Amino acid sequence: MEQQKVDMFLMSNGNNLPEQQILFIREKLLALDDSKWIALSTIQFKNPTTALILSILVGYFGVDRFYTGHIGLGVGKLLTCGGFGIWYFIDLFMIISATKQENYNKLQYYLY
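Because the structure is predicted, anything quoted here is derived from the model rather than measured.

Asker: Quick question: what am I supposed to make of the overall build of the protein chain here?
Answerer: Of regular secondary structure, the protein chain possesses 8 helices and 0 strands. Start at the N end of the protein chain and walk to the C end: the helices and strands fall as α-α-α-α-α-α-α-α. Along the longest, intermediate and shortest principal axes, the C-alpha atoms of the protein chain span 50 × 20 × 15 Å. The 112 residues of the protein chain split such that 36% are buried. Here the protein chain displays about 6600 Å² of accessible surface, and carbon together with sulfur accounts for 65% of that area. Placing the 9 positive and 9 negative side-chain charges of the protein chain at their respective mean positions leaves the two points 5 Å apart.

Asker: Help me understand the environment of Asn105 in this model?
Answerer: Inspection of the secondary structure puts Asn105 in helix H8 (residues 86–111). Along the sequence, Asn105 and Ala31 sit 74 residues apart, while their C-alpha atoms lie 18 Å from each other.

Asker: It is not clear to me how the packing of aromatic side chains should be interpreted in this structure. Could you clarify?
Answerer: Aromatic ring pairs: the centre-centre distance and the angle between the two ring planes describe each pair. Taken as a whole, this structure holds 4 aromatic pairs when the rule is applied. Between Phe9 and Phe45, the ring centres sit 6.3 Å apart and the planes meet at 65°, which makes this aromatic pair edge-to-face. Highlighted residues: Phe9 in helix H1 (residues 3–13) and Phe45 in the loop between helix H3 (37–41) and helix H4 (48–58), separated in sequence by 36 residues. Overall, Phe45 belongs to the buried group, its relative accessible area being 13%.

What counts and how
- Residues numbered from 1 in each chain as written.
- Predicted model: local features only at pLDDT ≥ 70, side-chain atom pairs only at ≥ 80, totals over all residues.
- Heavy atoms only, no water.
- Helix = DSSP H or I, 4+ residues; strand = E, 2+ residues; numbered from the N terminus.
- Buried < 20%, exposed > 50% of the residue type's maximum accessible area, 1.4 Å probe, protein only.
- Areas by Shrake-Rupley, 256 points an atom, 1.4 Å probe, with all protein chains shown as cover.
- Lys, Arg positive; Asp, Glu negative; His and termini not counted.
- Charge placed at Lys NZ, Arg CZ, Asp CG, Glu CD.
- Phe/Tyr/Trp six-rings, centres within 6.5 Å; stacked < 30°, edge-to-face > 60°.

Right, here's the structure in full:
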């Protein structure tokens, strides 16, 4: 894929992906052919900041986990009121990295 397209993709989506994986993603994107550009440009990534705000405001009900696509964890959090507060507190620190990892997993589908 052209370097300009890769740079544009990483500039617009880099903050939604794990920082430690950016160089690996860049190498994989450069190795792809241009026919995958349209599919890559239509990927809808979840915003980690939105996930954090949801976690702060309605994390007791698992809305943050539903937002990131972890339906089972969302139901578990909903039924236990945020794991009796413990799970809610832990997710305040972990939800951003969980959202970025989920976005990376979504991108891996197109990279391979």
